[in-house]
Amino acid sequence: MTSKQTKLFPRGWLAHSTAFGGSLLKKSNPKVKRIFKRTLPMHIVMRSENANGTRSLIRLNDKIEQILQVQAAKHHIKIYAAANAGNHLHLLIQAPSREQLSAFLKGFTGRVAQLAMGTKTEKARDAFDSRFWDSRPWTRLVSWGKEFRNVLKYIGINTNETNLRMNRAGTRAIFAEIQDAFDQGLLRRSPTLIAAGFG
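Residues numbered from 1 in each chain as written. Predicted model: local features only at pLDDT ≥ 70, side-chain atom pairs only at ≥ 80, totals over all residues. Heavy atoms only, no water.

1. Structural notes on the overall build of the chain
Rules: Only runs of H or I of at least four residues qualify as helices and only runs of E of at least two qualify as strands under DSSP, and these elements are numbered from the N terminus. The cut-offs for exposure are 20% and 50% of the maximum accessible area for each residue type, with area from a 1.4 Å probe on protein chains only; residues under the lower value are buried, those over the upper are exposed, and the others partly exposed. Whether two residues are in contact is decided by their heavy atoms, any of which lying within 4.5 Å being enough. Only the protein chains shown count as covering a residue, and every accessible area follows the Shrake-Rupley method with a 1.4 Å probe.
Counting its secondary structure elements, the chain contains seven helices and five strands. For the chain, with 199 residues in total, the buried portion stands at 46%. Within the chain, counting contacts between residues at least 6 apart in sequence, those at least 24 apart form 66% of the total. Element-wise, carbon and sulfur atoms account for 52% of the exposed surface of the chain, whose accessible area totals about 11000 Å².

Written out as structure tokens, the structure reads:
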């Protein structure tokens with residue numbers, strides 16, 4: 001495994017100056033606004049320790065994908081990448097406004113919670129449900145270029161860990177080998193590889 005792969009993100013990226021939510025919030029109700037810029041994409045993580053057994057997000061993957069597509073279309077959200085890691089979800093998206101981002105997050109998290117918990121209440125459908133989610137979604141603005149490609153690669157690693165049932169070290173090793181082959185010119189600079197964060 002190469003050193004550049006183990007240092008995919010700089011130390012402290014979870015507490016980056018543009019990050020909001022997740023473990024950064026000591027209480028459910030924040031005193032500051034989620035940082036937003038419509039010209040930049042956003043990395044989002046939603047975590048639930050309740051998502052295990054029959055409530056595992058993996059078991060609900062197809063339905064969660066449907067919810068994601070419906071909510072993204074409804075609120076004009078562009079999806080660059082998504083990964084289901086069982087007890088948490090990763091998204092890389094771009095929203096046209098703060099209001100549409102907020103509506104998307106409420107609609108998506110509410111409906112996923114409703115699906116996992118088997119409830120049909122309006123509270124579960126239309127608002128953040130703290131009975132299921134550990135905390136409000138963690139978000140961080142992502143700059144275009146290298147940082148954007150790194151997040152794509154990171155989400156790809158999470159996707160392959162789930163789909164291939166590999167551990168983090170094994171998945172990272174595969175991605176490192178792909179990057180090395182790319183750097184050595186053994187792989188063609190295809191749009192697919194570039195979009196996946198290589199190069």
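Next comes the rest of the write-up.
2. Details of the confidence of the model for the chain
Where we set the bar: pLDDT is a per-residue confidence score from the predictor, ranging from 0 to 100.
Residues of the chain with pLDDT of at least 70 account for 60%, and the chain-wide mean is 75. Summarising per-element confidence for the chain, the mean pLDDT is lowest in helix α1 (residues 3-6) (37) and highest in helix α2 (residues 61-74) (94). Of the regions scoring below 50 in pLDDT, residues 1-15 engages in 31 contacts with residues more than four places distant in sequence or in other chains.

3. Some remarks on the nonpolar core
The criterion, for reference: Joining through side-chain atoms within 4.5 Å is the link that ties buried Ala, Val, Leu, Ile, Met, Phe, Trp, Tyr and Cys residues into a set, and such a set is a nonpolar core.
The biggest cluster of nonpolar side chains holds 28 residues, and the ones touching the most others in it are Ile44, Leu91, Leu101, Phe104, Phe108 and Phe132. Those elements giving two or more residues to this core turn out to be β2 (42-47), α2, β4 (88-94) and α3 (98-117). No other element matches the eight residues that α3 contributes to this core. For Phe104, the residues in contact, after removing those within four places along its chain, are Leu68, Gln71, Ala72, His75, Ile77, Leu91 and Ile93. Ala81, Ala83, Val151 and Leu152 belong to the second largest nonpolar core, which has eight residues in total.

4. Regarding α2
Defined as follows: Expected helix span is computed as 1.5 Å times (number of residues minus one). Directions drawn from the helix axis to the C-beta atoms are what define this arc.
Between its first and last C-alpha, α2 extends 20 Å over 14 residues, near the 20 Å set by a 1.5 Å rise per residue. Within α2 the residues assigned to the buried category are Ile64, Ile67, Leu68, Gln71 and Ala72. The arc enclosing the buried residues of α2, seen along the axis, measures out at 125°, which places them on a common side. Those residues of α2 that are exposed and angled more than 90 degrees off the buried face are Asp62, Gln66, Val70, Ala73 and Lys74. Those residues of α2 that are buried lie in contact with β3 (78-84), β4 and α3.

5. Section: the pairing of β3
The side chains of a regular strand alternate, residue by residue, between the two faces of the sheet. This is how the line gets drawn: Paired strands are those between which DSSP finds at least two bridges.
Both β3 and β4 contribute to a ladder of six bridges, which runs antiparallel. Bridging across to β4, Ala82 finds its partner in Leu91. Between the antiparallel neighbours β3 and β4 lie three residues, among them Gly86 with a positive phi of about 95°.

6. Structural notes on the packing of aromatic side chains
Short version of the rule: Stacked, edge-to-face and tilted labels apply to pairs of Phe, Tyr and Trp rings (six-membered ring for Trp) whose centres lie within 6.5 Å, assigned for plane angles under 30 degrees, over 60, and everything in between, in that order.
Within the structure shown, the criterion is met by five aromatic pairs. On the basis of an interplanar angle of 85° and a centroid distance of 5.9 Å, the ring pair of Tyr80 and Trp144 is categorised as edge-to-face. You can see Tyr80 sitting in strand β3 and its partner Trp144 sitting in the loop between β5 (138-141) and α5 (146-163), a full 64 residues away along the chain. A relative accessible area of 24% means that Tyr80 is categorised as partly exposed. The partly exposed category is assigned to Trp144, whose relative accessible area is 42%. Site record: aromatic cluster; members linked through ring pairs are Tyr80, Trp144 and Phe148.

7. Considering the packing of α2 against α3
Formally: The axes are straight lines fitted to the C-alpha atoms, using for helices just the contacting stretch, and the angles between their N-to-C directions are given from 0 to 180°. Here the angle decides the label: under 35 degrees means roughly parallel, over 145 means roughly antiparallel, 65 to 115 means roughly perpendicular, and every other value means oblique. Whether a crossing is left-handed or right-handed is set by the direction in which the near helix is turned from the far one by less than a right angle, anticlockwise for left-handed and clockwise for right-handed. Lys, Arg, Asp and Glu make up the charged group, whereas Ala, Val, Leu, Ile, Met, Phe, Trp, Tyr, Cys and Pro make up the nonpolar group; the residues left over, Gly among them, are polar.
The geometry of α2 relative to α3 is characterised by a closest axis approach of 10 Å and an angle of 155° between their N-to-C directions. One way to sum up the angle between α2 and α3 is to call them roughly antiparallel. For the pair α2 and α3, the sense of crossing is right-handed. Each of Lys63, Ile64, Ile67, Leu68, Gln71 and Ala72 in α2 lies in contact with α3, whose residues at this interface are Ala103, Phe104, Gly107, Phe108, Arg111, Val112 and Leu115. Along the lines of polarity and charge, the residues of the contact of α2 with α3 split into nine nonpolar, two polar and two charged.

8. Observations regarding the pattern of salt bridges
Should their charged atoms come close, side chains of opposite charge can pair. Rule in force here: Salt bridge criterion: a side-chain nitrogen from Lys or Arg within 4 Å of a carboxyl oxygen from Asp or Glu.
In total, this model carries one salt bridge according to the counting rule given. Among the salt bridges present, the one from Glu147 reaches Arg140, with a minimum N-O distance of 2.6 Å. Classification of Glu147 as partly exposed rests on a relative accessible area of 22%.

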